[in-house]
Amino acid sequence: MRGRRIPIALPNTGALSRRRHTLYIRSAIIIFILFAFLQFHVINYDSSDSGSSDNANYSTAAILQMVPPVFHKYLTGKPRNSTHGQNGTHYAGDGPRTANISDIMRMINRYNDLQTVLNEDIYGPLQNDSVIIVVQVHKRITYLRHLIVSLAQARDISRTLLVFSHDYYDDDINDLVQSIDFCKVIQIFYPFSIQTHPTEFPGADPGDCPRDIKKEQALLRKCNNALHPDLYGHYREAKFTQTKHHWWWKANRVFDQLEVTKYHTGMMVFLEEDHYVAEDFLYILELMFRKSQDLCPKCNILSLGTYLKTFNYYTYNKKVEVTPWISSKHNMGMAFNRTTWYEIVRCARHFCEYDDYNWDWSLQHVSQQCLKQKLHVMVVKGPRVFHIGECGVHHKKSNCESNQVISKVQQVLKVARGAQQLFPRSISLTQTSVIKKTKLRKGNGGWGDQRDHQLCFNMTLVGR
């Protein structure tokens, strides 16, 4: 018979305590490494972040080095002694080419009448499931060059149609656009620009009221628009009204008037000259379009851009969010189809008469006050469209140098590419934070003149 074992307490050597301590240290190290890894993928491309810019190389040569050599041609101007334009015009001489207003109007009308689609012989006619990319262009050619370079590197870009909508006729910009050889291209020209109407409406008529004159004084002076200041008591400024007019004309033009696009039922992506796209932006757009019926049946806009200065590509590269469309957040790289456009254009009065010179604020007014189904957006959390413009109509900085932001965006995409965060196999819906009901907002003004209302509405009915 065995004797009963008597448990004997072992002396406390501290081994167990040391093992626990070691375990805590290892856990802390792992958490720290994971946190550091995630932070590495949190990307900041705010140009105001001067702390990291001291040692960075934002030179033109460094930017050029990030671009495949085959696309360098879009970043450098070409010397020319004689140029035959695509519209049949001819220029000769060594100096800058200039033209008077009547010549510019004649060339604009010729472009708009001919509706020539460049490279159609190479890439074939537009298919109904192809994406149309509409770019609003003023005269910032440096930004436009980089947008074109980014578009050239996008997968499936050869299947698209690029529509460049201009409100400024410029030979160098025309040469640049007409040199594009990676997809079909068409140019359209807003025919009511300040350039072609410098001393008459919709430009600045000498008989118009000065911006800050009081209404009583304006009535005594009998200036043209004395009866119609905006809701803040100011009179119109042509340079601010043009952008909204151009956006509305452009949308009407591509959806209802261009022969190549007026029966197209696929998606149209709206960009501006100071945007920059990721190489998978068309791929992501296709994923979003295919998944929209499952993830958000009520969504009528897809948005590929964001104005956030800091974002986490590692976490959000394949995440989308669903939310009511907000003009200040979702107006960059937005895409919609003809069905959505027809709902918007039925509310033309609301768009054209709303006292705000911004097209996006006016569109939000349409959503809130007119549409039966308000605008809802599916927006990609890891942006595929970036804003690289430092200066423009709304923003003036002491330093308008474009290299810094462009270089940072290039680095963002280089890191994302190296970490295989582009071209995800699928997208998923992230938890949307609770959205407060959007309040009806007072417009920003600048759009009180009845002539602006009428011009805008007339472009809805007819257009060149």
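If you're wondering where the values come from, they're calculated on a predicted model, not measured in any experiment.

1. Some points on the nonpolar core
Burial of nonpolar side chains together is a common tendency in soluble globular proteins.
Next up, step 1: Of all hydrophobic cores here, the largest spans 49 residues; its most connected members are Ile133, Leu151, Leu162, Phe164 and Phe182.
Next up, step 2: Elements supplying a minimum of two residues to this core: strand S4 (132-137), helix H5 (141-152), strand S5 (161-166), helix H6 (171-178), strand S7 (268-272), helix H9 (281-295), strand S11 (319-324) and strand S13 (376-380).
Next up, step 3: Within the second largest apolar cluster, 42 residues are counted, among which are Ile186, Ala251, Ala348 and Cys352.

2. Observations regarding the state of the cysteines
Next up, step 1: Counted according to the given criterion, the structure contains four disulfides.
Next up, step 2: Sulfur-sulfur distance for the disulfide between cysteine 209 and cysteine 223 comes to 1.9 Å. As the torsion about the S-S bond is roughly 95 degrees, the cysteine 209-cysteine 223 disulfide counts as right-handed. You can see cysteine 209 sitting in the loop between strand S6 (184-189) and helix H7 (215-221) and its partner cysteine 223 sitting in the loop between H7 and helix H8 (238-256), a full 14 residues away along the chain. As far as burial versus exposure is concerned, cysteine 209 and cysteine 223 are alike and both buried.
Next up, step 3: Here cysteine 352 pairs with cysteine 456 through a disulfide, and the sulfurs are 2.1 Å apart. As the torsion about the S-S bond is roughly -65 degrees, the cysteine 352-cysteine 456 disulfide counts as left-handed.

3. Observations regarding the packing of aromatic side chains
Next up, step 1: Enumeration according to the criterion identifies 18 aromatic pairs in this entry.
Next up, step 2: For the pair phenylalanine 270 and phenylalanine 336, a centre-to-centre distance of 5.0 Å together with 15 degrees between the ring planes defines the contact as stacked. Of this pair, phenylalanine 270 sits in strand S7 while phenylalanine 336 sits in strand S12 (residues 334-336), and the two are 66 residues apart along the sequence.
Next up, step 3: Under the relative-accessibility criterion, phenylalanine 270 is labelled buried at 4%.
Next up, step 4: Residue phenylalanine 336 is classed as buried on the basis of its relative accessible area, which comes to 0%.

4. Points about the environment of isoleucine 108
Next up, step 1: Mapped onto the elements, isoleucine 108 comes out in helix H3 (residues 101-114).
Next up, step 2: A C-alpha to C-alpha distance of 7.1 Å links isoleucine 108 and proline 191, two positions 83 residues apart in sequence.
Next up, step 3: If we ignore the near neighbours within four places in the chain, the residues touching isoleucine 108 are Tyr169, Phe189 and Thr196.

5. A short note on the pattern of salt bridges
Next up, step 1: Applying the stated criterion to the full structure yields 18 salt bridges.
Next up, step 2: For aspartate 274, the salt bridge goes to arginine 140, with nearest N and O atoms at 3.1 Å. Here aspartate 274, found in the loop between S7 and strand S8 (275-277), pairs with arginine 140, found in the loop between S4 and H5; they are 134 residues apart in sequence, far enough to count as distant.
Next up, step 3: Assessed through its relative accessible area of 3%, aspartate 274 is described here as buried.
Next up, step 4: A salt bridge links glutamate 286 to arginine 290, with the nearest nitrogen and oxygen atoms 3.6 Å apart. Note that glutamate 286 and arginine 290 are positioned in helix H9 at a spacing of four residues, about one turn of the helix.
Next up, step 5: A relative accessible area of 37% places glutamate 286 in the partly exposed class.
Next up, step 6: One salt-bridge network, held together by shared partners, links Arg140, Glu273 and Asp274.

6. Things to note about H8
Next up, step 1: Between the first and last C-alpha of H8 there are 26 Å, a value that for 19 residues agrees with the 27 Å anticipated at 1.5 Å per step.
Next up, step 2: The element H8 is extensively covered by neighbouring structure, given that 15 of its 19 residues are classed as buried.

7. Quick look at the UniProt feature "binding site: substrate" (unreviewed entry) in the chain
Next up, step 1: Cross-referencing UniProt, the feature "binding site: substrate" (unreviewed entry) maps to Gln136, Val137, His138, Lys139, Arg140, Asp167, Gln242, Thr243, Lys244, His245 and His246 in the present numbering.
Next up, step 2: Among the secondary structure elements, aspartate 167 is positioned in the loop between S5 and H6.
Next up, step 3: Apart from the residues lying within four places of it in its own chain, the contact partners of aspartate 167 are Val137, His138, Tyr190, Ser193, Gln195, Gln242 and His246.
Next up, step 4: Within the element layout of this structure, glutamine 242 appears in helix H8.
Next up, step 5: Apart from residues lying up to four places away in sequence, glutamine 242 is in contact with His138, Asp167, Tyr190, Ser193 and Ile194.

8. Notes on the environment of leucine 285
Next up, step 1: Considering the arrangement of structural elements, one finds leucine 285 in helix H9.
Next up, step 2: Leucine 285 gets classed as buried once you look at its relative accessible area, which sits at 2%.
Next up, step 3: Separated by 49 residues in sequence, leucine 285 and methionine 334 place their C-alpha atoms 10.0 Å apart.
Next up, step 4: When near neighbours in sequence (up to four residues on either side) are disregarded, leucine 285 contacts Val131, Val269, Leu302, Leu304 and Ala335.

Cut-off values and rules
Residues numbered from 1 in each chain as written. Predicted model: local features only at pLDDT ≥ 70, side-chain atom pairs only at ≥ 80, totals over all residues. Heavy atoms only, no water. Core = buried A, V, L, I, M, F, W, Y, C linked by side-chain atoms within 4.5 Å. Buried < 20%, exposed > 50% of the residue type's maximum accessible area, 1.4 Å probe, protein only. Helix = DSSP H or I, 4+ residues; strand = E, 2+ residues; numbered from the N terminus. Disulfide = S-S within 2.5 Å. Phe/Tyr/Trp six-rings, centres within 6.5 Å; stacked < 30°, edge-to-face > 60°. Contact = heavy atoms within 4.5 Å. Salt bridge = Lys/Arg side-chain N within 4 Å of Asp/Glu carboxyl O. Expected span 1.5 Å × (residues − 1). UniProt positions renumbered as here; feature names shortened; annotations may be inferred.

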